[in-house]
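# Descriptive structure summary
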Amino acid sequence: RGLVTYEREDQDVLFGRDREASLLEGRLLSSSTTLLFSGSGVGKSSFLRAKFIPEVESVYTVCAYAEWAAKDPYVALVESVRRQLHVDGDGSIQSAFASAASKPGLLVLDQFEELFQYHRETEQLASLIGQLGLIVADHATDIRVLLSMREEFLGDLSACDSVLPDLFNNYYRLRNPSAPLADRKSTRLNSSHLGI
């Protein structure tokens, strides 16, 4: 599909990545924050939307967000979380998860490098990062945070050093799928389409 991102409805079409999904889920258990990164075009968003999130929803209440151009990204993030959880009113991300979730929460922040592109050295950036620190420090509302970004922007995470100090201790680098896996799957697909 080229650069078109796979979505939840494509989970039967997006093949492979089972091992990666299992390893990343294990990372979630070891820390409140997890960093997922890869080179451009490897398929992080497709992996998250069509593979990983559907697989972990039996364990976590998941909210995903990737729209970082908003004037105030934290306000937009809170509104999105409350919408996804069907929680009315206002309040924090923690209160939204506490109101709606019977399972631990998982906040998936995809394309996180765009936050720095749109809000570098602004009060809005500092505010959002500060709020993420409060979320992961609040053990009363068990919420894990998964940051997903392109590896060429990892240096921007220095802005999170004092707030999310363990971020680089719990990470997973997503690689391109292996050629043998792709060949096996394409053979199976061609055979099934031909009725073999």
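Above this note sits the structure.
Right, let's walk through the structure included here. Residue indices begin from 1 for each chain and proceed along its sequence in written order. Totals for whole chains, interfaces and linings use every residue, but because this is a predicted model, local features are given only for residues with pLDDT of at least 70 and side-chain atom pairs only at 80 or more, for both listing and counting. The side-chain values count all of the structure's non-hydrogen atoms but skip hydrogen atoms and water molecules.

## Re the overall build of the chain
To keep it simple, the criterion reads: Where helices and strands are cited, they refer to DSSP runs of H or I of at least four residues and of E of at least two residues respectively, numbered from the N terminus. Three labels apply to residues, based on accessible area from a 1.4 Å probe with only protein chains included: buried if under 20% of the type maximum, exposed if over 50%, partly exposed otherwise in between. Under the convention used here, a 1.4 Å probe and the Shrake-Rupley method define accessible areas, while residue burial counts only the protein chains that appear.
Counting its regular elements, the chain contains seven helices and five strands. Overall, the chain shows an N-to-C arrangement of helices and strands of α-β-α-β-α-α-β-α-α-β-β-α. Here the chain, with 196 residues, has 45% of them falling under the buried criterion. Approximately 10300 Å² of the chain is accessible, and the part contributed by carbon and sulfur atoms is 49%.

## With respect to the sheet that holds strand β1 (residues 33-38)
Selection criterion: At least two bridges found by DSSP between two strands are what make those strands a pair. In this description, a line fitted to the C-alpha atoms serves as the axis of each element, helices being fitted only across the stretch in contact, and the angle between N-to-C directions of two axes falls anywhere from 0 to 180 degrees. In what follows, residue pairs with any heavy atoms lying within 4.5 Å of each other are defined as contacts.
Pairing is parallel in the open sheet, where five strands are placed in the order β2-β3-β4-β1-β5. Looking at strand neighbours, the two that pair on one side only are β2 (61-65) and β5 (171-173), the edges of this open sheet. Going across the sheet, the axis of each strand differs from the next one's by a mean of 15 degrees, ignoring polarity. Across six bridges, the pairing between β1 and strand β4 (residues 143-150) is parallel. Across the sheet, Phe37 pairs through a bridge with Met149, a residue of β4. Strand contacts of helix α2 (residues 44-56): β1, β2, β3 (105-109) and β4, with the helix running at about 160 degrees to β4, the strand carrying the most contacts.

## Observations concerning the nonpolar core
Here is the rule: Here, nonpolar core refers to any group of buried Ala, Val, Leu, Ile, Met, Phe, Trp, Tyr and Cys residues whose side-chain atoms link them within 4.5 Å.
With 36 residues, the main nonpolar core has Leu107, Leu109, Phe112, Leu147 and Leu157 as its most contacted residues. Breaking this core down by element, the ones donating at least two residues are β1, β2, α3 (73-84), α4 (93-100), β3, α5 (113-119), α6 (123-137) and β4. With six residues, the single largest contributor to this core is α6. Setting aside residues up to four positions removed in sequence, Leu147 forms contacts with Thr34, Leu35, Leu36, Leu109, Phe112, Leu132, Leu157, Leu164 and Leu167. Listed in part, the 17 residues of the second largest apolar core include Leu28, Leu36, Leu106 and Leu146.

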